[in-house]
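# Reading the structure
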Amino acid sequence: QVQLVESGGGLVQAGGSLTLSCAASGRTISTYNMGWFRQAPGKEREFVAASSWSGGTTYYAHSVKGRFTISRDNAKNTVYLQTNSLKPEETAVYYCAAGPSYRPLAVGKGSYDDWGQGTQVTVSS
């Protein structure tokens, strides 16, 4: 099991940027696919971005493609989500998740076993 702690959330104006971080402990993330999800009040948790264990393959939700970038530093055991041109409707709690690398990289929540507590992102209009 890997423990995940997200940080970097906050209040930002529409069009602004935030860099979210996910620090892992307990195990090295080099053997994990990593994902970012978000959940707005009253809505289902939805996929945002994912990175294979090596960082060689990335997936993005259509709504964030071209604006968000997932990256990872396995030496620092940290995953990042750079978010640009944020929109008010992207206000949500953003979660980091880890799934074993023997599973194919996926967008479904079921492919990830370990989750962080989330970091709040609020985008004002």
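Here we summarise the structure given alongside this text.

Basis of the calculations
- Residues numbered from 1 in each chain as written.
- Predicted model: local features only at pLDDT ≥ 70, side-chain atom pairs only at ≥ 80, totals over all residues.
- Heavy atoms only, no water.
- Helix = DSSP H or I, 4+ residues; strand = E, 2+ residues; numbered from the N terminus.
- Contact = heavy atoms within 4.5 Å.
- Polar contact = N/O pair within 3.5 Å; in protein donor to acceptor, adjacent residues only side chain to side chain.
- Pairing = 2+ DSSP bridges.
- Axes fitted to C-alpha atoms, helices over the stretch in contact; angles between N-to-C directions.
- Disulfide = S-S within 2.5 Å.
- Buried < 20%, exposed > 50% of the residue type's maximum accessible area, 1.4 Å probe, protein only.

### Let's talk about the environment of Tyr95
With respect to the helices, strands and loops of the structure, Tyr95 is situated in strand β9 (residues 92-100). Along the backbone, Tyr95 and Gln120 are 25 residues apart, and their C-alpha atoms lie at a distance of 9.0 Å. Apart from the residues within four sequence positions on either side, Tyr95 is in contact with Glu6, Gly35, Trp36, Phe37, Gln39, Arg45, Trp115, Gly116, Gln117 and Gly118.

### Here's the deal with the side chain of Asn33
Here Asn33 is to be found in strand β4 (residues 32-39). At 3.0 Å, the side chain of Asn33 and the backbone oxygen of Arg103 are in polar contact.

### Thoughts on the sheet that holds strand β8 (residues 78-83)
Spatially, 4 strands are ordered β1-β3-β8-β7 in an open sheet, and the strand pairing comes out antiparallel. Strands with a single pairing partner mark the edges of an open sheet, and in this sheet they are β1 (3-7) and β7 (68-73). Strand-to-strand twist of the sheet, defined as the mean angle between neighbouring strand axes without regard to direction, takes the value 15°. Sheet analysis places β1 next to strand β3 (residues 18-25), joined by 5 bridges and oriented antiparallel. Counted as the bridge partner of Glu6 is Cys22 from β3.

### Quick look at the state of the cysteines
Within the structure shown, the criterion is met by 1 disulfide. In this model, Cys22 is linked to Cys96 through a disulfide, with the two sulfur atoms separated by 2.1 Å. The chirality of the disulfide connecting Cys22 with Cys96 is left-handed, given an S-S dihedral of about -80°. Taken as a pair, Cys22 in strand β3 and Cys96 in strand β9 lie far apart in primary sequence, 74 residues in all. The exposure class of Cys22 is buried, given its relative accessible area of 1%.

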